[in-house]
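Here are the chains, one letter per residue:
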Amino acid sequence: MIVKGTITAAMLASLYKSNSLLFNQALESAQVYWPQVASLAPSTSKTQDYAWLGAFPMLREWIGDRVLQNLLLHGYSITNKDFEGTIEIDRNDIMDDNLGVYRSPIQELGRSAKTHPDYLIFTLLAAGFTTACYDGQYFFDTDHPVGSSTVSNYDSGSGTAWYLMCTGRSIKPLIYQERQSPQFVSMDSITDENVFMRKKYRYGVDYRGNVGYGFWQLAYASKNDLDAGHYSAARSAMMAFTNDNGMPLGIVPDLLVVPPSLEANAREILLTERNQAGATNTWRDTAKLLVVPWLT
């Protein structure tokens, strides 16, 4: 409880503790979507290299000596970035115990810290048509090099993009790289310049991390209509992916990712017992549905 009157160190310590509790409660309770499509990759340096991307180690019959599967050295790395959010509390509000108005901003700061990776991940996903991945091609492209040929994971069109993914592997289609988890910080000493010059006490959050692409083979995008025909074609294309030697990768798509505008189409394909013609819906439950508000 803040006592009206002169601000003391004990009052500020109590205020920090209260704000930290509000922040952490919101941080823990916020719903996030990114873990369904991205792997968490802890980082220990400014930049992490992912030279091993592109290699799908597979077994063979052991005849003669072992065949070494060298990890191709692709020049793909993810450099961490710094992110922050800050609010100010006026000194008079602390002295007058008028802090209730700041509860929501503090809680929103925690929620934003938890969901910001969602924004990064799904912004990256939507940029996959014009942003390169480990093989130098756009993440969603029609000519990824595989062996002596090329393979497509993109059904081009002029409509709203939707995405089919395989998320059951040890690495997911996207990568969330975390160098430092969100930390609640303050600048609330009576000797701080912002307090002395402007009677403002600052509270904020910062973290370090970034996002990147994993295996393009685990994701397929389409800008054609989201209907049974195009959904079927996307599944068939993914399940036909092979390694450089022509061996099937065994990919089975299990997640359909859509923006809110395509939720009805997706539900018709994955959740209804019968299609519009009244026949049995053969695609029911062939994948889980993820409707992402970050995608527009």
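So, a few notes on the structure that sits alongside this text.

1. As for the overall build of the protein chain
Looking only at helices and strands, one finds six helices and 13 strands in the protein chain. Principal axes of the C-alpha set define a box for the protein chain whose edges measure 80 × 55 × 35 Å. Residues classed as buried in the protein chain amount to 42% of the 296 residues present. When contacts within the protein chain are restricted to residue pairs at least 6 apart in sequence, those whose partners lie at least 24 apart make up 75%. If you sum the accessible surface of the protein chain, you get close to 15600 Å²; carbon and sulfur atoms cover 52% of it. Where the 24 positive side-chain charges of the protein chain centre and where its 30 negative ones centre are 5 Å apart.

2. A look at the sheet that holds strand β12 (residues 255–258)
Pairing is mixed in the open sheet, where five strands are placed in the order β7-β11-β8-β12-β13. Two strands close off the open sheet at either side, each with one partner strand: β7 (154–155) and β13 (288–291). Pairing geometry for strand β8 (residues 162–165) and strand β11 (residues 219–222), over four bridges, is antiparallel. In the strand pairing of β11, Y163 is matched with A221. Packing of helix α3 (residues 103–126) onto the sheet brings it into contact with β8, β12 and β13, and relative to β8 it is tilted by some 105 degrees. Packing of helix α6 (residues 263–270) onto the sheet brings it into contact with β12 and β13, and relative to β13 it is tilted by some 175 degrees.

3. Comments concerning α3
For α3, with 24 residues, the first-to-last C-alpha span of 34 Å sits near the 34 Å given by 1.5 Å per residue. When the local axis directions of α3 are compared, the greatest deviation, roughly 40 degrees, occurs at K114, which is followed within four positions by the proline P117. Turning to α3, its buried residues number three or more, namely I106, L109, G110, A113, T115, P117, D118, L120, I121, F122, L124 and L125.

4. With respect to the side chain of Q177
The topology assignment puts Q177 in strand β9 (residues 174–187). Of the polar contacts made by the side chain of Q177, one reaches the side chain of Y50; its length is 2.8 Å. If sequence neighbours within four positions are ignored, Q177 has contacts with A41, S43, Q48, Y50, I78, T79, N80, G209 and N210.

5. Points about the environment of S77
Along the polypeptide, S77 turns up in strand β3 (residues 77–79). By relative accessible area, which is 36% here, S77 ends up partly exposed. Residues S77 and L53 lie 24 residues apart in sequence; the distance between their C-alpha atoms is 9.9 Å. Setting aside chain neighbours within four positions, we find S77 in contact with T47, Q48, D49 and Y50.

6. As for the pattern of salt bridges
Tallied over the entire structure, the rule returns eight salt bridges. The salt bridge partner of K200 is D90, with a shortest N-O separation of 3.1 Å. Of this pair, K200 sits in strand β10 (residues 200–213) while D90 sits in strand β4 (residues 81–90), placing them 110 residues apart in sequence. On the basis of relative accessible area, D90 is assigned to the buried category, the value being 11%. Note that E263 and R267 form a salt bridge whose closest N and O atoms lie 2.9 Å from each other. Here E263 pairs with R267, and both are found in helix α6, just four residues apart, close to one helical turn. Its relative accessible area of 27% is what places E263 among the partly exposed residues. Classification of R267 by relative accessible area gives partly exposed; the value is 39%. Taken together, the salt bridges that share partners define one network made up of D90, K199 and K200.

Calculation notes
- Residues numbered from 1 in each chain as written.
- Predicted model: local features only at pLDDT ≥ 70, side-chain atom pairs only at ≥ 80, totals over all residues.
- Heavy atoms only, no water.
- Helix = DSSP H or I, 4+ residues; strand = E, 2+ residues; numbered from the N terminus.
- Buried < 20%, exposed > 50% of the residue type's maximum accessible area, 1.4 Å probe, protein only.
- Contact = heavy atoms within 4.5 Å.
- Areas by Shrake-Rupley, 256 points an atom, 1.4 Å probe, with all protein chains shown as cover.
- Lys, Arg positive; Asp, Glu negative; His and termini not counted.
- Charge placed at Lys NZ, Arg CZ, Asp CG, Glu CD.
- Pairing = 2+ DSSP bridges.
- Axes fitted to C-alpha atoms, helices over the stretch in contact; angles between N-to-C directions.
- Expected span 1.5 Å × (residues − 1).
- Bend = angle between axes of the 7 residues up to and from the residue.
- Polar contact = N/O pair within 3.5 Å; in protein donor to acceptor, adjacent residues only side chain to side chain.
- Salt bridge = Lys/Arg side-chain N within 4 Å of Asp/Glu carboxyl O.

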